[in-house]
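As a plain string of letters, each chain reads:
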There are 2 protein chains.
Amino acid sequence: MAFDAAVHTKAIQLDHMCLDMCAGAGSGHPTSALSLGQIVTVLLYHSMRWLPDHPRYPTSDRLVLSEGHAVPIIYAALADLGAAIGKGDELRRMTADDLLTLREADSLLDGHPSPMEGFPFFDAATGSLGHGLSVAAGLAVAARRDGLEKRIYCIIGDGEAREGQVAEAIDFIADHTLTNVLPIFNCNGYGQADKVSPQQSPETLTAKLEAAGFSVSDTDGHDPDAIRDAFDRFIKNQDGDRPMAVVARTVKGWGAPSLQGGGWHGKPPTGDLLAKAHEDLNATGVGLTSALVSDDLKIYPPAEHTPADVSTTEPMGLPEAMKQYDMEQALKSGKFATRKAYGLALRVLGHVNSDVYALDGDVKNSTFSEWFADDEDLADRFLECKIAEQNMFSVASGLSAAGKIPFCSTFGKFVIRGCDQIEMAINSGANIKIVGSHSGISLAADGPSQMSLPDLAWFRSWTTVRDHRGNPACYVLQPADAYAAYALTMRMAEHLGACYMRTVRPDVEFIYNEASVFDLGGLEVLTEGRDLLIVTAGYMVHECNKVLDTLDRAGIDATLVDLYCLPFDTERLLDLANENGGNILTVEDNYGGGLGSAVADAVTDSGDAFTIEQMFVRKIPKSARNEEDILKLCGLHHTNIARKAAGMLGVVAA
Amino acid sequence: MAFDAAVHTKAIQLDHMCLDMCAGAGSGHPTSALSLGQIVTVLLYHSMRWLPDHPRYPTSDRLVLSEGHAVPIIYAALADLGAAIGKGDELRRMTADDLLTLREADSLLDGHPSPMEGFPFFDAATGSLGHGLSVAAGLAVAARRDGLEKRIYCIIGDGEAREGQVAEAIDFIADHTLTNVLPIFNCNGYGQADKVSPQQSPETLTAKLEAAGFSVSDTDGHDPDAIRDAFDRFIKNQDGDRPMAVVARTVKGWGAPSLQGGGWHGKPPTGDLLAKAHEDLNATGVGLTSALVSDDLKIYPPAEHTPADVSTTEPMGLPEAMKQYDMEQALKSGKFATRKAYGLALRVLGHVNSDVYALDGDVKNSTFSEWFADDEDLADRFLECKIAEQNMFSVASGLSAAGKIPFCSTFGKFVIRGCDQIEMAINSGANIKIVGSHSGISLAADGPSQMSLPDLAWFRSWTTVRDHRGNPACYVLQPADAYAAYALTMRMAEHLGACYMRTVRPDVEFIYNEASVFDLGGLEVLTEGRDLLIVTAGYMVHECNKVLDTLDRAGIDATLVDLYCLPFDTERLLDLANENGGNILTVEDNYGGGLGSAVADAVTDSGDAFTIEQMFVRKIPKSARNEEDILKLCGLHHTNIARKAAGMLGVVAA
């Protein structure tokens, strides 16, 4: 019984701390925390092999707290253990006093788990529900490929399990037989507003997991021995290739009847209610009155880690790559789609950097990440996520936490299915690369259900924000040709942080060459004029190119800028605008709030008296059989652009 | 055998048409269509009760084609039946010639299902995968409450079933015992890039559905009698309260071996390959050589429809509502959170308009939609969707297609989990209302995992676009006080189209009264000055209010505008800017690309020499214990605003 009593005693000690820290903060989720007291104690004080002094130690087992609001129980344990906390490399031992700072503006203890705010024990920021199991799967994939004997535990709320992403993660774990990750469902029966649905009851969750091929331990989540036995079964891998899960029956507000049932989600008791909760906890009778030191609560260290050598060499250029991979005809043709240049760059990157991974959502033959997948030297770093984008982005966040460089590609239209997952990845400091193909309207025939149109505005918003490293929270890249797409894929891999690149479906002519230089934050002047500054990017660079002669015949000497990156060098762009009489025409084949607004923000910030005409997709588009038809339908055909440009200068285009 | 032969004959006839229309269009998904020939024939020519001449007839059974890319098979059937197609009320009979226009810019036959582009047979635009079953559930909820004996069929691809939203829809159907909707899983074994995962095999899908409480018919999807029997079991409701599903084993490219297996997704055969496919279809031997007319293929009409009377009366004002619902104390206090005003308005709306529905994601006690839920007269129009936002928005799209006015509310942070679902709802012409609470940073303590920060940029993008009715594709509303939130909730209900309203957590002082008027597209001048135009919205209106006196002491006479709606009256705003020396300061507590960029777009479009300073959240925030701390942390405290404003005019604020 020593283990049993020791766990209860420690759990109750941690529960008391949870109540006090939440009461002090005036908010938080003590009742959710109390439902996890025994589970977290068994994990952190017994089953997990880790080093409280070295929270990021590579071979340490990891815990992803998907239901991030229950974080007080983790804070309590790490304060009790004096674990190391802090930002970057400035770590120090955590103390009980830290708990009193919970949720303060300058505290390392954020309201929800946040590695970038000073809590390195965690690999990802959580709190928006449903992401954690996917992150854990990403960590598990990396550990397995690196040959690390590391186990990943993930705690998911029962109400949280309703998020479809959890089902996506379960399928992903089964597809990739990730027996080194253990989902633990905390079935306390209560969500925020009401009881959890019968569809997420312990019985139904068990049946669903078994239907998905999992071996499930239906366990009393407050019985230390039962919890240990369930974890041991996972640790000893008693189910072989069959992934395992724990369905833990728990009580929200365990040990404090006055806080149980509905109505106590996210509310800390204070005053007499707090005193009563403390009394009740002491009266549970299962724990001893003082924390007892027992070998049963010994924390075992992880295996010694010897860093694997990451091979990185200089990547070859586009022409050389096209020759090497039998694309000489395409090279000679002078046309190559940006999505293909991305696929080629990804394959080359895979060979020069063994940390590069490629993730797909069953469209690898459209995004051309298949060139990475079909290369037998790289196949083990290609992850097919099937048609489940949310899981794909969170898996990438987990891979990044393990030091990998994940490239996620699908149609730009489907990238926005993962907005929340991408946001949490950015908040986690993830080194995530996202590539959306078939962006804008140039795919034509399939229509708006496959076109990415408001995506640019959302990602542009991130270019206005600084991440925890002081960089733009995301770089948005829109290459106009294969040379640009190839080079910018390399730039993405070099940058530590989030990037989003938009590629297009059609083959487009080369407008650059090997000597062309592309930098994050840069722009390219393709033609220098003095009457009008045309600013565009991606596919529309080619459409704008077609109007220059027409404008020239109309006596208009235009400057054409390829604004391939957001954010960009504003000084440079404003100078160009000045040299062009302050007349700016922006052209993009997506909805508003993107490139044109970025230019408008820069101009108004400068206070210059420039006029900007924005051309973009102003009505919901439909199918058209080819690019010319869809461009005309949306008023973005080169003849529309020429007319608009001429009109700005009061002349009529020929 | 008459039925069997008749169905095969008709199916093969439709299959031939699919091959030809896709070959003509040069794109499309004939092989997916061929996997559905027999299923669609049994549905449209036998099991479904509908009127080809009246595709929107209220009591007609409905078909939601979730795997929208298979739409050629539906186009073929409706052309064969001469069903009515067209935009709005301008309907005409469809002919075989229409098929030849597939995917043309001026065709009524879009690449994927689109009711707004001229195909009223469909209730929702599909093509982005995973949405359809949720839409079908929404239609089913409306039919049941309206007492219509109507059945909803939904065809979902096996690869598509990987999308977590499908699991969310399955749980929703079970929670609400929607026995009037039938999910049909088309298990042809192939996705786009590869074979479907074993996790979506007929056996595993069946096991998962049964675990979720469904009764499943595992059926040969090319055996007419087996298909009919499965549908009859649903029609006769043989499983009582247990929802039913069909798992149909099909062949992608059925009848044309040369098109089967991988590599043919989305590719139409042409030339010899097309001829071969036609030959193979004729050689299947299961069909007769010419379409035979048989009573077995008789289409049965729906029940006569007598329109239910929708009660609508004039809603009472905010003070009256607060008195009626025992909130006199709050009324007297002069403070009331905008999220509470929304909850109250929603409850009042529910009483004056019987078409109003409220949907929640387990946060009704935070968004205050619980005031609608807890009103016994309204409870049957409240839909608890639990923690599954994607399903919630698509269910709302289905409700809208049935003529309802759905209000979906959750935290603004979680609204963006449904970006793709909201986009497809807008493309469907859905009359959807979305309310995101806890927007911006004012919720403070819970931190960024609960704050909506880039959401405004994404929704703002929609305000730059026209929907199919010629209106802004979405109105974005940011009420500053309870009167505004209450009135704008009423405006949302009156408008036919999408609206997004952002509410905030804290109680805020009343700044308006019953006489105040709020219009979609409007703005309010709170203070008239001549030196500086401060433009803001929502919570930040109160923070900006605090700086006016400080500025006045510094000799700055500022104008304060509450820009509560996007898009807005640009002329009016530009005039105000002119009256204030062209000095504009925008203030918002979210990331960039929102309100400030909207003003910048308007100014640069006018060509006026105005200077705009934008204040917004420029770094990823964290937790803080109260509003003052988080505002200081983000540089948006009223003292920061005063300093910035004074700086713009070259004076130092007191």
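From a predicted model like this one, the values you see are computed outputs, not experimental measurements.

The rules we used
- Residues numbered from 1 in each chain as written.
- Chains lettered and ligands numbered in written order.
- Predicted model: local features only at pLDDT ≥ 70, side-chain atom pairs only at ≥ 80, totals over all residues.
- Heavy atoms only, no water.
- Least-squares fit on C-alpha atoms with pLDDT ≥ 70 in both.
- Contact = heavy atoms within 4.5 Å.
- Domains from an automatic or database assignment.
- Buried area = accessible area lost by both parts, 1.4 Å probe.
- Salt bridge = Lys/Arg side-chain N within 4 Å of Asp/Glu carboxyl O.
- Polar contact = N/O pair within 3.5 Å; in protein donor to acceptor, adjacent residues only side chain to side chain.
- Helix = DSSP H or I, 4+ residues; strand = E, 2+ residues; numbered from the N terminus.
- Nonpolar A, V, L, I, M, F, W, Y, C, P; charged D, E, K, R; others polar.
- Pairing = 2+ DSSP bridges.
- Axes fitted to C-alpha atoms, helices over the stretch in contact; angles between N-to-C directions.

For these two chains of identical sequence, chain A goes onto chain B by a turn of 180 degrees and a shift of 0.0 Å along the axis, with RMSD 0.0 Å. This pairing of chains is accounted for by a two-fold axis. Same-surface contact between copies: 100% of interface residues of chain A are shared with the interface of chain B.

The next point concerns the domain arrangement of chain A. Residues and elements named next belong to chain A. With domains assigned, chain A is organised as domain 1 (3–285), domain 2 (318–439 + 478–509) and domain 3 (524–648). With centres defined by C-alpha atoms, the gap from domain 1 to domain 2 works out at 34 Å. Each partner contributes to the interface: domain 1 provides 24 residues, whereas domain 2 provides 26 residues. When the buried surface of domain 1 facing domain 2 is broken down by residue, Arg145, Glu168 and Phe172 rank first, second and third, together holding 27% of it. Summed over the shared surface of domain 1 and domain 2, the result is two salt bridges. The partner of Lys404 in a salt bridge is Asp146, and the shortest N-O contact between them spans 2.8 Å. Between domain 1 and domain 2 we count twelve residue pairs in polar contact (both at pLDDT 80 or more) in total. For the side of domain 1 that touches domain 2, the elements supplying multiple residues, two or more each, are helix 6 (132–145) and helix 7 (164–175). In terms of residues, the side of domain 1 that touches domain 2 owes the most to one element, helix 6, which gives eight residues. A per-class count over the side of domain 1 that touches domain 2 returns eleven nonpolar, eight polar and five charged.

Before going further, it helps to examine the sheet that holds strand 17 (residues 532–536) of chain A. Residue and element names in this part refer to chain A. Sheet architecture is open: five strands sit in the order 16-18-17-20-21, paired in mixed fashion. With partners counted over all chains shown, the strands left at the sheet margins are strand 16 (524–527) and strand 21 (611–615), one partner each. The sheet shows a mean angle of 25 degrees between the axes of neighbouring strands, direction not considered. Pairing between strand 20 (residues 583–587) and strand 21: five bridges, direction parallel. Bridge pairing in strand 21 links Leu585 to Glu613. Relative to the sheet, helix 24 (residues 595–606) contacts strand 17, strand 20 and strand 21, its axis offset from that of strand 21 by approximately 170 degrees. Helix 26 (residues 638–648) contacts strand 17, strand 20 and strand 21 of the sheet and is inclined by roughly 160 degrees relative to strand 20.

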